[in-house]
Amino acid sequence: MDFYLGMIQIIGVHTLLGLSAYCVLLTGQVSMAQAGFFAIGAYVAGMLTVLAQWALIPALGVAGLMAGAVACAIGFPALRVKGLMLVVATVAFGEAVRLFFFNFDYQVARGEIKMGPHGGEGFRQIRYFPEHGWSTLDVALFVWTVVVLVMAGLWWMDRSRAGAVLRAVGEDELAAQSAGINITAVKVSAMTVGGVIAGLGGGTFAHYTTHIEHIQFGVVLATFAIAYPILGGLSNVFGTLLAVIFIQGFLVEGLRFLGDWRNLLFGGLILLAMNLRPRGLLDAKAVAALRRLFPGGKERSGAQAHGAQ
Amino acid sequence: MDLLDLIDLVQSIADGILFGATYAMLGIGFTLIFGVMHKINLSYAAASVGAAYASLLLMTGVSVPAPVVFVFAALCGGAIGLVVYVVCFRFIPRANPLATLMSTVGLLLLIDEVIVHATDGGAKSYPALFSDVIIAAGAFNLRGDLMFVFALGCVSMVVLLLLLYRTRLGLATRAMSQQPLAAQLCGISVDRTNALTFVITGVVGGMAGAMIGAAIGVLSPLLSLPLTVKGLIVTVIGGLGSIPGAIIAGLLVGGFENFFQFFRGVSERDLYVMLLLFVFLVFRPGGLFAPAAGRD
């Protein structure tokens with residue numbers, strides 16, 4: 001049972017990571033910096049609960065705000081460029097964050113043992129959950145409460161004016177600019193919101209794994225972050241969730257019986273999925289088809305299908 | 001700092017610049033594909049390492065001289081380039097850059113895993129040429145294998161420039177990169193030109209992979225991600241779509257890397273390369289030789 005609960009936690013945290021990239025992708029920008037924000041969230045939340053003895057929820061809040069502030073600050077110079085340049089700039093930022101934590105040493109002696117981030121060895125003993133007697137089920141419920149809140153927030157944002165503005169910038173920057181939208185402000189806000197979500201995800205991640213180190217936050221994690229929304233499709237937030245379940249649940253855990261061959265299939269299946277469904281697993285067409293199958297709340301869905309095209 | 005330190009520093013930078021030839025070639029590959037397709041091929045560095053691995057297959061059965069291995073690496077690179085085009089680009093709509101980005105990432109993971117699967121993930125030694133030759137120039141020593149790598153890099157860059165600016169294929173490639181629609185109207189086949197560009201970049205990549213193997217002495221699947229990052233950085237610093245820019249940026253990054261390795265150690269080295277990139281993005285977002293058309 002604990003195995004499945006652990007998997008549910010992993011899926012939850014990765015959904016947060018994917019949703020943070022989803023925000024930025026809506027504006028048409030590919031950001032590989034999400035792993036960097038995730039790392040900042042993880043280290044900040046971990047240091048607050050372990051070294052400063054904060055409670056978990058304020059620590060997560062501060063971690064989210066920190067990551068969001070860094071995302072906002074990095075957004076201004078980075079979003080001057082777009083396309084490939086942005087990919088490279090954000091890859092470099094993510095790597096710089098990782099290398100910073102690789103060289104980051106801040107330990108405090110607590111009783112017998114020293115605690116805190118210790119350079120390349122990482123940050124051990126983030127033991128908030130065991131110390132406060134949380135069971136695995138509690139942790140899984142907590143992770144998913146955060147995920148559901150974030151997803152509901154994004155779902156609401158998607159259907160409000162803000163979502164329309166984000167998508168307008170993503171579809172055609174020039175047209176959006178002509179319509180009087182300040183595209184820099186929109187992109188930087190999307191980046192900031194993405195940073196906050198990644199920070200929350202990172203904070204949760206640090207607490208359930210109890211040990212974080214720099215190598216976990218490399219280019220591979222950044223690639224996963226953008227892989228979820230692209231693979232799932234950008235038509236709504238459930239695409240990202242579906243892709244996380246597909247990758248983490250099916251490709252990573254479900255194919256474990258294949259042993260070595262699983263890793264080979266992993267890349268191959270992503271290739272296949274992109275060739276067969278270039279707009280994502282849950283693209284606008286699939287959403288429309290689902291609507292026809294379950295025709296509930298017709299007027300609302302009609303308006304939304306119109307918006308999705 | 002006394003004289004000995006200074007000599008060490010210059011020596012280290014010189015080695016870096018010589019090794020930078022491999023970065024330059026990776027940068028050329030990224031730039032060429034971006035120029036023609038306006039898309040990123042993230043699997044490029046992995047394919048280059050893969051080509052170098054494939055050339056090692058030749059060594060297992062028969063003992064062949066090292067130059068043959070290099071040539072074979074280039075050929076394998078060309079073949080892999082064609083596969084990359086067919087699998088990642090050919091059947092995905094042109095208007096969807098995100099999908100090709102993802103498919104090349106998928107291929108990157110696939111190539112890495114194929115390598116790990118075939119070699120059990122361990123590092124394999126790679127033959128070097130002229131590794132016993134050391135040219136003494138005053139107080140400095142120039143390593144023969146690095147010199148060879150550098151020379152090979154220069155020769156392949158010249159050949160590539162000739163190919164692009166003196167042949168009909170090069171003309172078609174450049175036409176595609178400037179105005180795809182007009183090029184099509186002139187009777188240039190899009191698929192054929194794109195596929196040939198991928199083969200050419202694959203050959204360059206195969207050479208780069210072999211050179212990296214020869215310069216480091218070993219090949220490891222762990223190389224492909226850092227090389228992807230370095231290749232992309234070189235592309236951006238040089239200016240997207242600019243071949244001379246990629247060459248100069250490659251040598252610059254190579255020298256810079258060793259400069260900081262000398263002062264700050266190997267664990268902080270890449271941090272400063274990233275900072276160099278940020279300096280460029282802030283003060284010169286178009287890179288060294290940005291084409292006038294813009295910076296996307």
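Parameters at a glance
Residues numbered from 1 in each chain as written. Chains lettered and ligands numbered in written order. Predicted model: local features only at pLDDT ≥ 70, side-chain atom pairs only at ≥ 80, totals over all residues. Axes fitted to C-alpha atoms, helices over the stretch in contact; angles between N-to-C directions. Helix = DSSP H or I, 4+ residues; strand = E, 2+ residues; numbered from the N terminus. Parallel < 35°, antiparallel > 145°, perpendicular 65-115°, else oblique. Contact = placed C-beta atoms within 7 Å. Nonpolar A, V, L, I, M, F, W, Y, C, P; charged D, E, K, R; others polar. Expected span 1.5 Å × (residues − 1). Bend = angle between axes of the 7 residues up to and from the residue. Pairing = 2+ DSSP bridges. Core = buried A, V, L, I, M, F, W, Y, C linked by C-beta atoms within 7 Å. Buried ≥ 20, exposed ≤ 12 C-beta atoms within 10 Å, placed from the backbone. pLDDT = per-residue confidence, 0-100.

Student: Could you give me a rundown of the packing of helix α6 (residues 136–159) of chain A against helix α9 (residues 183–209) of chain A, with the residues and numbers involved?
Tutor: Residue and element names in this part refer to chain A. Where α6 meets α9, the axes come as close as 11 Å, and the angle between the chain directions of the two elements is 175°. By the criterion of interaxial angle, the relationship of α6 to α9 is roughly antiparallel. Judged by residue contacts, Val139, Val143, Val146 and Val150 of α6 engage Ile197, Leu200, Thr204 and Tyr208 from α9. Residue composition of the contact of α6 with α9, grouped by class: seven nonpolar, one polar and no charged.

Student: Please provide a residue-by-residue account of helix α1 (residues 3–37) of chain B, values included.
Tutor: Residues and elements named next belong to chain B. Counted at 1.5 Å a residue, the expected span for α1 with its 35 residues is 51 Å, and the 50 Å between its end C-alpha atoms agrees. Residue Phe19 marks the point of greatest curvature in α1, where the axis turns by about 30°. Note on α1: the residue one or two positions beyond its end, His38, has a positive phi of about 55°.

Student: Tell me about the interface of chain A and chain B, and name the residues and values.
Tutor: Buried accessible area, meaning the area lost when the parts come together, often serves as the stated size of an interface. Taken together, the 35 residues of chain A in the interface contact 38 residues of chain B. For the side of chain A that touches chain B, the secondary-structure elements that each account for two or more residues are α4 (84–102), α10 (219–232) and α12 (261–276) of chain A. Top contributing element to the side of chain A that touches chain B by residue count: α4(A), with 11 residues. Counted by class, the side of chain A that touches chain B contains 23 nonpolar, seven polar and five charged residues.

Student: Explain the pairing of strand β3 (residues 140–143) of chain B to me, and be specific about the residues and the numbers.
Tutor: All names here are of chain B. Two strands pair when backbone bridges link them, and strand β2 (residues 134–137) and β3 are joined in this way by four bridges, in the antiparallel orientation. Paired with Ile135 across the strands is Leu142, a residue of β3. Hairpin connection from β2 to β3: two residues lie between these consecutive antiparallel strands, with Gly138 at a positive phi of about 65°.

Student: So what's going on with the nonpolar core? Residues and values would help.
Tutor: Formed by 202 residues in total, the largest nonpolar core has its most connected members in Val88(A), Ala73(B), Met102(B), Val149(B), Met207(B) and Ile233(B). By residue number, the principal contributor to this core is α1(B), which donates 14 residues. Contacts of Met207(B), omitting those with residues within four sequence positions, involve Met25(B), Ala73(B), Ala74(B), Gly77(B), Leu152(B) and Ser156(B).

Student: Residues and numbers for helix α1 (residues 2–26) of chain A, please.
Tutor: All names here are of chain A. In a regular helix each residue adds 1.5 Å, so 25 residues correspond to 36 Å; α1 covers 36 Å between its end C-alpha atoms and thus fits that length. Extensive coverage of α1 is indicated by the burial of 18 of its 25 residues. Looking one or two residues past α1, Gly28 carries a phi angle of roughly 80°, positive in sign.

Student: If you had to explain the confidence of the model for chain B to someone new, which residues and values would you point to?
Tutor: Any residue range with low pLDDT should be treated as having predicted coordinates unsuitable for detailed reading. Residues and elements named next belong to chain B. For chain B, mean pLDDT is 84; residues scoring 70 or higher make up 96% of the total. Put simply, β2 is where chain B has its lowest mean pLDDT, 73, and helix α8 (residues 190–216) is where it has its highest, 90. Predicted as a complex, the structure gets a pTM of 0.82 and an ipTM equal to 0.75.

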